[in-house]
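# Report on the structure
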Amino acid sequence: MTQDAPENDRIDVFLDDDPTPIASYSPPLRFELDTTALSDGPHRLRIEAYDSFGTKGVKEVPFTVRNGPGITVTGVRDNDVLEGTVPVLVNSFGGAVENRWEPSRAETPAPIPSWAWVLVIMLVAFGLYYGVQHWNPPADQLAAAAAPAAAGSPRSGADATGGAGTAGDASAAPAFDTALGESVYGTNCASCHQAGGQGMPGVFPPLAGDPVVTADDPTEHIRVVLHGLQGKEIGGVSYVSPMPAFGGLLSDEQIAAVINHERTSWGNDAPLVTPEDVAAQR
C-alpha cells in the first residue's frame, strides 16, 4: 500500500508493532483499513509524520477489532465467587463476516420470569373485576335472558301444583325465583366463575362441588357473597384474586336467589336459603 514519497513532509502509518508501514503518503493521507485480516481484540495504529524540515511527530490510536461472533455468558459474571456446581449457558451470534445468519442464535434462551406471570394474572383479574363492577346491561336484555330459564325451572316459585313446591307440604324446601337467580349470576358472577361454574384455574375458584356452596349450613356461603373474600386457600390452591362484596349492590332477595342458583346448579344439591337468612347475616 506504499508509494513513493519525499523523505520529508510525509505520513507513515504502522499497525501494532510491525516495523513496516501499512501506508506512506504525502499529507493529507486517506486509506482503507481492512480489519477482516486482523484477530479480534485490541490493536494500535502508530502514525509518524514528518514536516518539510524533517521534524517527526508521533500519535498512537488504540482500537479494538470485533469481526467474530458476539458472545454471551449466563451463570457466571466478572469476578464472581463460585461454589459447587454452577450451570453456565454460553451463546454466540452475529459475526460480521458470517455469510449465513441463524435467527435461532440471535437470542439466548431464557424462561419467562415468575413476576411476568404474576403481573399478567393480576391484570386479567383486575380487568374482570372492573368489568363486573361497571357492566350494566339493558333491562330488556336481562328480561330476554331470564325468560327461558323461568319457563323450564324445576325449582321456580311458580311450581305450586305439587311435589316440593306445594304449600301444604310442611317438609318442603323453600322455593326461589330461578329466573332472578340466573339473571343475577349471569350479570355479577359468570365473568369470573364462568357460566358452567368451573371457575378459572389458579385465578377464580370453581363453584361446582365447592364445599362452601354444597354445605348444609349456608352461613359461610351467605357471608362470602355479602362481604367478599380474598386470599383463601381452596382445595389446596391459594386464590389471590379478590371477590368483591355484593352486600351494598344487591338486595336480600337478589342475594338469596343467586346463592340458591349456585347451590342447585352444576350437580350441586344443597339446602336453599331465604331473604330472611341473608338479612340476618348483614
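Residues numbered from 1 in each chain as written. Predicted model: local features only at pLDDT ≥ 70, side-chain atom pairs only at ≥ 80, totals over all residues. Heavy atoms only, no water.

Sheet topology note: the strand 3 (residues 41–50)/strand 4 (residues 56–65) ladder contains 10 bridges and is antiparallel. Bridged to arginine 46 within strand 4 is glutamate 60. Between the end of strand 3 and the start of strand 4, which pair antiparallel, lie five residues, with glycine 54 showing a positive phi angle near 85°. (Pairing = 2+ DSSP bridges. Helix = DSSP H or I, 4+ residues; strand = E, 2+ residues; numbered from the N terminus.)

Tracing the chain through its elements places isoleucine 255 in helix 7 (residues 252–263). C-alpha of isoleucine 255 to C-alpha of leucine 226: the two residues are 29 residues apart in sequence and 7.8 Å apart in space. Among all residues touching isoleucine 255, those that are not within four sequence positions of it are Val225, Leu226, Phe246, Gly247, Leu250, Val278 and Arg282. (Contact = heavy atoms within 4.5 Å.)

What follows concerns the packing of aromatic side chains. Applying the stated criterion across every chain yields a total of one aromatic pair. Ring centres 5.3 Å apart and planes at 50° place the aromatic pair tyrosine 185 and tryptophan 266 in the tilted group. One end of the pair, tyrosine 185, is in helix 3 (residues 178–188); the other, tryptophan 266, is in the loop between helix 7 and helix 8 (275–281), with 81 residues separating them in the sequence. Look at tyrosine 185 and you get buried, because its relative accessible area is 3%. Judged by its relative accessible area of 26%, tryptophan 266 is partly exposed. For arginine 10, the ring lying beneath its charged end belongs to tyrosine 50, and the centroid distance is 4.3 Å. One Lys or Arg, arginine 46, reaches over the ring of phenylalanine 14 and ends 4.3 Å from the middle of that ring. (Phe/Tyr/Trp six-rings, centres within 6.5 Å; stacked < 30°, edge-to-face > 60°. Buried < 20%, exposed > 50% of the residue type's maximum accessible area, 1.4 Å probe, protein only. Lys NZ or Arg CZ within 6 Å of the ring centre and 35° of its normal.)

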